[in-house]
Amino acid sequence: RPRPRGRLADAREDDTMGVADWGIGHVVSGVTATGEKFAGEVFTFDEGTGLAVLRAKGDIVNTHDVRILRAEGVSDLKSTPPSDPPKMEKLPVVDEARCQKREEAAVKAATISAANIGVDVTAEAQDIFDALARTLPCRWEGRSIVVLDEVKISPPYAECVGVATGDPRAVERVQKVLAMEKSKLVKAKK
């Protein structure tokens, strides 16, 4: 087996922190290299890479949060071996339908988020879109912003134009919101 390198290998030799501290079933806690505190049970440890997989009780019943840590970057490690030898548990069953739903939801959210980013528009145009989208449903149509599917704002994004079948009151409303948001953006730049 490959031997760990760096601080982990040195720690093994002086027996202050080493591979034995990351035994399966050990309850460990400490601080990561970024200063984040962690705690959990060692699910597995790879000596070659020095990576530990920890699991901790999840917020939902019968679930676990899983975390992968680089042992070399850990400080203030506290490790408590299990009172009984660890049982080699089967890996949990993966609910494929649930995974599929989560993937679909993530793709849908990413698609919606991407649709809110204008293509070939100025930073000012994107700022205007973002400001309007906080209070009104908006979408990009080329370089124009379409609000409420009734009002179109084209470059230079100063004037609203209603669509043929739209409500003229919507144009007035969006024009007021546009003017207010543009003045806020001007003040923010000062």
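Here the structure is shown first, and the text comes after it.
Residues numbered from 1 in each chain as written. Predicted model: local features only at pLDDT ≥ 70, side-chain atom pairs only at ≥ 80, totals over all residues. Heavy atoms only, no water.

> Mind laying out the nonpolar core, listing which residues take part and the relevant values?
Among the nonpolar cores identified, the biggest contains 18 residues, and L132, I145, V147 and I153 are the most heavily contacted of them. Mapped onto this core, the elements with two or more residues apiece are α3 (123-133), β6 (138-141), β7 (144-147), β8 (151-153) and α4 (168-189). Excluding residues that lie within four positions of it along the chain, I153 makes contacts with L132, S144, I145, V147, E159, C160, V174 and L178. W22, V28, F45 and V74 belong to the second-largest nonpolar core, a separate cluster that totals 12 residues. (Core = buried A, V, L, I, M, F, W, Y, C linked by side-chain atoms within 4.5 Å. Buried < 20%, exposed > 50% of the residue type's maximum accessible area, 1.4 Å probe, protein only. Helix = DSSP H or I, 4+ residues; strand = E, 2+ residues; numbered from the N terminus. Contact = heavy atoms within 4.5 Å.)

> Break down the sheet that holds β8 for me, citing the residues and quoting the values.
As summarised here, the arrangement of the 4 strands in space is β6-β7-β8-β9, forming an open sheet in which the pairing is antiparallel. Where the open sheet ends on each side, the last strands, each with one partner, are β6 and β9 (160-162). Recorded for the sheet is a direction-independent mean angle of 30° between the axes of neighbouring strands. Taken strand by strand, α4 contacts β7, β8 and β9, and its axis lies near 165° from that of β9. (Pairing = 2+ DSSP bridges. Axes fitted to C-alpha atoms, helices over the stretch in contact; angles between N-to-C directions.)

> Please give an account of the pattern of salt bridges that cites residues and values.
Tallied over the full model, the rule gives 8 salt bridges. The residue E141 makes a salt bridge to K152 at a minimum N-O spacing of 2.7 Å. Taken together, the positions of E141 in strand β6 and K152 in strand β8 put the pair 11 residues apart, joining distant regions of the chain. Here D167 and R169 are joined by a salt bridge, their closest N and O atoms 3.1 Å apart. Through salt bridges with shared partners, a single ionic network connects R139, E141, D149 and K152. (Salt bridge = Lys/Arg side-chain N within 4 Å of Asp/Glu carboxyl O.)

> Account for the packing of α3 against α4, with residues named and values stated.
Interaxial distance between α3 and α4 falls to 10 Å at its minimum, and their mutual angle equals 125°. Relative to α4, α3 is oriented oblique. Between α3 and α4 the crossing geometry is right-handed. Here E124, D127, I128, A131 and L132 of α3 come into contact with α4, specifically with V177, L178, E181, K182, L185 and K189. In terms of residue class, the contact of α3 with α4 is built from 6 nonpolar, no polar and 5 charged. (Parallel < 35°, antiparallel > 145°, perpendicular 65-115°, else oblique. Left-handed = near helix turned anticlockwise from the far one by under 90°. Nonpolar A, V, L, I, M, F, W, Y, C, P; charged D, E, K, R; others polar.)

> Could you give me a rundown of unusual backbone geometry, with the residues and numbers involved?
Here the amide bond leading from P155 into P156 is cis, since omega sits at 10°, within 30 degrees of zero. Here P156 lies in the loop between β8 and β9. Although it is not a glycine, L148 adopts a positive phi angle of roughly 60°. Structurally, the position occupied by L148 is in the loop between β7 and β8.

> Before we move on, can you summarise the pairing of strand β1 (residues 27-31) with the specific residues and values?
Pairing analysis gives 5 bridges linking β1 to strand β2 (residues 37-46), with the strands arranged antiparallel. Paired with G30 across the bridge in β2 is F38. With antiparallel pairing between neighbouring strands as the criterion, β1 and β2 make up a hairpin whose turn holds 5 residues, including G35 at a positive phi of roughly 90°. Relative to strand β5 (residues 75-80), β1 is paired through 4 bridges, and the arrangement is antiparallel. The residue of β5 that forms the bridge with V27 is T80.

> Break down the sheet that holds β1 for me, with residues and values.
Each strand in a sheet pairs with another by means of backbone hydrogen bonds, the pair being arranged parallel or else antiparallel. Read from one edge to the other, the open sheet built from 5 strands follows the order β4-β3-β2-β1-β5, with strand pairing classed as antiparallel. Since the sheet does not close on itself, it has two edges, and those belong to β4 (64-70) and β5, each with one partner. Sheet twist, expressed as the mean angle between neighbouring strand axes with direction ignored, is 35°.

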